[in-house]
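Listed here are the chains, written in short residue letters.
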Amino acid sequence: MKLHLIIASVAISLAASVAIAQHVADRKDLHDAEVHLHQVVNELERAAQANHYDMSGHAGKAIELAKQAEHEIHVAWEAAEVNTTK
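Being a predicted model, the structure only gives us computed values, none of them experimental. (Residues numbered from 1 in each chain as written. Predicted model: local features only at pLDDT ≥ 70, side-chain atom pairs only at ≥ 80, totals over all residues. Heavy atoms only, no water.)

(A) View of the pattern of salt bridges. In total, this model carries three salt bridges according to the counting rule given. The residue E45 makes a salt bridge to K67 at a minimum N-O spacing of 3.4 Å. With a gap of 22 residues between them, E45 in helix α2 (residues 27-50) and K67 in helix α3 (residues 58-84) connect regions that are remote in the sequence. With a relative accessible area of 30%, E45 lands in the partly exposed category. Judged by relative accessible area, K67 falls into the partly exposed class, the value being 41%. (Salt bridge = Lys/Arg side-chain N within 4 Å of Asp/Glu carboxyl O. Helix = DSSP H or I, 4+ residues; strand = E, 2+ residues; numbered from the N terminus. Buried < 20%, exposed > 50% of the residue type's maximum accessible area, 1.4 Å probe, protein only.)

Below is the structure:
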């Protein structure tokens with residue numbers, strides 16, 4: 001049950017982070033989204049470890065997706081940095 005809540009939280013975080021990255025020009029908001037996703041990754045890794053990694057690969061997939069979203073937010077932040085210095 002706890003894993004379902006964490007996975008749902010990741011899905012919501014991913015959707016919110018993508019929306020933030022696409023619609024917010026302020027780099028601080030992008031940075032905040034990246035930090036939040038980093039926290040989600042840490043929580044998912046702790047949950048996976050607590051469940052002895054026995055979740056049919058779902059936790060691993062959620063971690064992978066959260067890390068991918070974290071990376072995309074970082075790239076968006078870098079792009080915003082370049083665009084504001086022009």
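After that view, the rundown keeps rolling.
(B) Region of the structure containing the environment of G60. Mapping G60 onto the fold places it in helix α3. Between the C-alpha atom of G60 and that of L44, which follows or precedes it by 16 residues, the distance is 8.5 Å.

(C) Quick peek at the nonpolar core. Residues I6, V10, V40, V41, L44, A47, A48, M55, A59, A62, I63 and A66 constitute the largest nonpolar core, which totals twelve residues. If you tally residues by element for this core, the top one is α2, at five residues. Ignoring any residue separated from it by four or fewer positions in sequence, one finds I63 in contact with V41, L44, E45 and A48. (Core = buried A, V, L, I, M, F, W, Y, C linked by side-chain atoms within 4.5 Å. Contact = heavy atoms within 4.5 Å.)

(D) Expanded view of the environment of H31. Here H31 lies in helix α2. The partly exposed category is assigned to H31, whose relative accessible area is 41%. In this structure the C-alpha to C-alpha distance between H31 and E70, which are 39 residues apart in sequence, comes to 9.8 Å.

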